[in-house]
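What the coordinates show
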Amino acid sequence: MATTTLPPGADIALDDHGSGRPPEVSPRPGHVTKLGPQAQKSETGMWVAVSAIGMSFAAFTSAMIVRQDASTDWQRFQLPHVLYLNTLILLASSVTLELSRQRIAAIPDAARHAAVSAKALLASSIYWLYLTAALGLIFVLGQLLAWRNLAAQGLFLATNPSSSFFYLFTALHAVHLLGGMGGLFYVLRKLVRSGGAGETSGLSAFSIYWHFMDLLWVYLLLLLAMRM
Amino acid sequence: MGKLFAVAVTVITLVSVAFFVMHTWWMPVDISTTGPAIDHQLEETMTGSGLLFLGGQLLLGLFVWQSSDKNPARKIKIFPGGANPLVATAIILVGIEILTLTFVGTKAWGAVNLAPAAVDSLHIDVQAEQFAFYFRYAGLDGQFGGLHPDKIDDGSGNYFGLDPANDVAARDDVVVGSLVIPVNRPILLTLHSKDVGHSFYVPELRIQQDFVPGLEIPVHFTATQTGKFEIVCTQLCGLGHYNMKAYLQVMSEGDYDQWLKGQEGQ
Amino acid sequence: MHETSASHAAHQHTAPTSFIRKYVFSLDHKVIGKQYYGLALLSVFIGMVLSWLMRLHLGWPAWPIPMLDKLSAVGAPQGVMTPEYYLSLMTMHGTIMVFFVLTNAPFAAFGNYFLPIQIGAEDMAFPRFNMMSFWTTFVAFLFMMAAFFVSDGPPISGWTAYAPLSAVGGDAGPGLAMGQNLWAISIAIFCIGSLLGALNFIATTLDLRTKGMSLARMPFCSWAWFVTSVIALLAFAVLLPACILLILDRVAGTSFFIPAGLVLSDKLQPHSGGSVLLWQHLFWFFGHPEVYIAILPSIGIVCHILPAFARKPLLGPRATIGCMIAIGFLSYMVWGHHMFVSGMNPFSATLFSVPTLFITIPATILTLLLIGSVYGAKMRFTSASLFCLGFISVFISGGISGFFLAQPSIDIYLHATYFVVAHFHFVMAVASLFGVFAGTYFWFPKMTGRMMNEALGKLHFWLTFIGVYCIFMPMHYLGLAGNVRRYSAFVDDFLIPLIPVHKFITIAALITGAAQFIFLFNLIWSRFKGPIASENPWEATSLEWSTTTPPPFDNFGGKHMVVYNGPNEYGVQSSDGKDYIMQTSPEKAPAS
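Numbering of residues starts from 1 in each chain and follows the order in which that chain's sequence is written. Ligands are numbered from 1 and chains lettered from A, in the order in which they are written. For a predicted model such as this one, the threshold for reporting local features is a pLDDT of at least 70, and the threshold for listing and counting side-chain atom pairs is 80 or more; totals across whole chains, interfaces and linings nevertheless cover every residue.

1. Remarks on helix H8 (residues 178-207) of chain C
The way it works is that DSSP assigns letters per residue, a run of H or I at least four long becomes a helix, a run of E at least two long becomes a strand, and they are numbered from the N terminus. A helix is expected to span 1.5 Å multiplied by its residue count minus one. Compared with an ideal rise of 1.5 Å per residue, which puts 30 residues at 44 Å, H8 of chain C spans 44 Å between its outermost C-alpha atoms and is within 8% of the ideal. Counting other C-beta atoms within 10 Å of each residue's C-beta, where C-beta atoms are placed from the backbone, gives the exposure class: buried for 20 or more, exposed for 12 or fewer, partly exposed between. Taken across its 30 residues, H8 of chain C has 25 buried, putting it largely inside the fold.

Here it is in structure tokens:
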């Protein structure tokens, strides 16, 4: 049985990606129409991860709904106001992230349009990423403030099912956000080293995660506001 | 080897089916009004599944036997019609069986769990705990006393946590360790648990219902024969789970009235 | 040479040289697959010994079991098992078998090893996550084993760990203190390992297929691993929250699952409310898809292997894949059938019963297609093919009993009896393991470069096939007689007459268990002394047979494989006189 392989040097990037259909030829040579394999699988992996995280928060949500209706001991309380400020901060961090990504995306064209140099764009995007990290950190600190507010009211993890779920949801979200910050520093390091070749830095995959954390928080806030 | 497989599958299948058909080990006699529908459902399912079981295994055996023919000139054959007849058969055959069983089965299920208890049911309160069942009758006043978990004291026999000192209705409640009921009378049990999950199972009644801590669960039935039967726990509840049982005594009306009078007298 | 982005991505890691990097903390999916297999092998023998201990106690409760008091002086004084120790062993048996054997062996072990090769990739999408997923699972295993050695013993609440028995702590009885904590932590860690693994499988299948390997041309077992990984991703994502809530109830004083007013060990428990059924819903929302995680890969493996020995294509390849997807989808809609008598709304019972019965349809289609694939075959009877044929038989047996349990009215009677035990053992323990055995005999040559001993393999098959029917068929009869499960002894009037049947089952279990040592011996002996295997000893079509035996570090020696055919080209006339065409052969099968 002759097994056939492509000759060395054959452009796998133009292959059929396993679809069995003829490969698409890019109309603009050098321009990336499809994601390269590294970024593609990073993005796929991130969407998968985000689905799993979403599913587990869905499970916690249904746990909360069932628990609330199971008995009469649910006590509502006033959500600490700092949560709303935190929300704005997290939303702002998504904006700064996108500002960073715009600058990265402009780098390949920078060589042709000498208005802004590639180096300046890279430096600027890294600045916006650091700002994103800082806003994320401020968010987490803000969450700690919210916890202190609750503790001052005598509401702890086991005090009441409502406070249990409050701590649970906010803590889990914060833990995932901190994990995301770890990812952010990993991306930063790669960006600095690669000099702005955004494809291999994982920035696109990271942004999926970060924006998801944002949306997840907005969802949790609405949930907590309605149910507590 | 193929022929050996075919023979083995055939023997296993026929022996297995034989034990089912002969009812060598089988359900005990049914003593409830809702039982016959369940038994009928089981028989129907047994027949249908039995045929599927026989058919599938024997067909497998037959094809394996045929495929073991070592004649080198033999060519492989594709199943006549390809996959489509088999897919269609599966959908139609199983589909019909599903629809039939669901229709008929819903009635059997509904009679036990959806239909309300008869208005004149004899109401008995049942508590499950590690590792015993206790049964409470309302007594002469026809009222059940309130339950107070903080007042439970097994040592003095206050299993339910009654408060006769302050609760008039609790004073004449009858608490016993056997479920004693009159025959042919609708019974309504209310199940609650003192500690963990338990379950109420009487094979002859074709009744099984979990006790869920935090919930009060109604179970109703009518026994059609007198006798002594076992109530066993079927929800894992701890080390004494295997030994957790009580007796169900179904008596004639007269005997039951006598028994109850004796209990209320105490 | 123009280094394309794909081959750059492919050379994500170079071949390791140190012992630690090669065999311990390896990024190579093949090593990780073997590690999972080894863990599953260790686990299955532990689980099997536990089952022997249980069966011995059930048949002969007063008989002192030699050396058992060494394992636990408290649990088995003078070798006679206490009721709580029986429940501990039973809990650990179920937990170890379901999680560490049936989720690991057919899915993580074989899938890790063969999915990348079968789709023409050099490795999994995320090799570092892959390594992490194995070692996370291993840490979970250590936590689980630790439960055997704490003073209070392993938990006694069953693998299902129903609240409040599992949630209130030591007041509910022995084994429910530290043992249950370790169990819950272990399972939570296991969830993380499984989630990482599932993520890898999905990304790999979607993004790393080589040129020409469309989804339609993927081997059936790759499809099964893909569907299974999607199920696993969503299922374990629900079990992890459940475990977190359970741990919080146990150690942090919360009341998620524990209602108010419970009295345990004469103490009024302090909780203010909580839902017992919440645990059951969360657990079974995971638990039902979990059993399909256990069986689907084995179905895929059998669909992959059988045609190679039948020398004809699998009947209905598209229907087969469609049924796998349908089963995966439906598996999420049926969890309530474990809860018919649980006290949930009786209307829900009908709602759950309908999709449960509907799952029978794709399962029946799969079975009929497998039987139809045997029709007209020129069967080569080897250990691998015998286990495939045996799979069909036991899958029928296990599936049929499910038909009874799917109906709420019948489940009233059969719930929590040995009928249920018979059902899930046939489909999970037997059918799923038969798929693992078939896969082992089939792939051992590719993984090790040597053939397993066929005579021992066939002996193993016959003893096991007859043995499992002797063990599990009688359990149906016991269930029909009302024999309750999870009892450490049979003392009730209506159960005592059934004890002789239990004795028969115990003897069958001991013999069948002993037969597994033939398999173990064969594995180890053949690894070192078996005859050298050729590249494609079974004349099979898929990509793993297009590379060396065993495969090189990057699976294909630097070559970029191109795929021209599907995996099902058996029984076709090829230009060089063979009766099959490999997936990588440019030759197209003549249209039939």
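2. A word on unusual backbone geometry
For residues besides glycine, phi is generally negative; the peptide bonds are generally trans as well. Note that the residue after glutamine 130 of chain B, namely phenylalanine 131 of chain B, is joined by a cis bond; omega there is 0°. Summarising the element assignment, phenylalanine 131 of chain B is placed in the loop between strand E1 (122-129) and strand E2 (132-137). Here the residue pair alanine 163 of chain C and proline 164 of chain C is connected by a cis peptide bond, since its omega of -5° sits within 30 degrees of zero. Looking at the element boundaries, proline 164 of chain C is found in the loop between helix H7 (127-146) and H8. Phi at serine 265 of chain C is positive, roughly 50°, even though this residue is not glycine.

3. Focus: the sheet that holds E2 of chain B
Residues and elements named next belong to chain B. Note on pairing: DSSP must find at least two bridges between two strands before they are called paired. The strand order across the open sheet built from five strands is E3-E2-E1-E5-E8, with neighbouring strands paired in mixed fashion. Either end of the sheet is taken by a strand with one partner, and the two such strands are strand E3 (174-176) and strand E8 (217-222). Geometrically, the sheet is characterised by an average inter-axis angle of 25° between neighbouring strands, direction not taken into account. As judged from the three bridges shared by E2 and E3, these two strands associate in the antiparallel manner. Of the residues in E3, the one forming a bridge with phenylalanine 135 is valine 176. Structural elements are reduced to axes, namely lines fitted to C-alpha atoms, with helices fitted over the stretch in contact, and the angle between N-to-C directions of any two is expressed from 0 to 180 degrees.

4. Quick word on the packing of helix H1 (residues 37-70) of chain A against helix H9 (residues 220-251) of chain C
Between H1 of chain A and H9 of chain C, whose axes approach to 8 Å, the crossing angle comes to 45°. Relative to H9 of chain C, H1 of chain A is oriented oblique. Viewed along their axes, H1 of chain A and H9 of chain C form a crossing whose handedness is right-handed. Mapping the contact onto sequence places Val48, Ser51, Ala52, Met55, Ser56, Ala59, Phe60 and Ala63 of chain A in H1 of chain A and Leu233, Leu234, Ala237, Val238, Leu240, Pro241 and Leu245 of chain C in H9 of chain C. Residues are grouped as follows: nonpolar covers Ala, Val, Leu, Ile, Met, Phe, Trp, Tyr, Cys and Pro; charged covers Asp, Glu, Lys and Arg; every other residue, Gly included, is treated as polar. Here the residues of the contact of H1 of chain A with H9 of chain C are counted per class, giving 13 nonpolar, two polar and no charged. In these notes the angle categories are as follows: under 35 degrees is roughly parallel, over 145 is roughly antiparallel, 65 to 115 is roughly perpendicular, and the rest is oblique. In this scheme, a crossing is called left-handed if the near helix is turned counterclockwise away from the far one by less than a right angle; it is called right-handed if the turn is clockwise. It is the C-beta atoms, placed from the backbone, that decide contacts: two residues are in contact if theirs lie within 7 Å.

5. Topic: the interface of chain C and chain B
Contact with chain C, which involves 88 residues of that partner, is made by 85 residues of chain B. Put simply, the parts of the chain that give the side of chain C that touches chain B at least two residues each are helix H5 (83-102), strand E1 (263-264), helix H10 (276-310), helix H12 (346-374), helix H13 (383-405), helix H14 (408-414) and helix H16 (454-480) of chain C. Each residue belonging to the side of chain C that touches chain B can be placed in one class, and the counts come to 59 nonpolar, 22 polar and seven charged.

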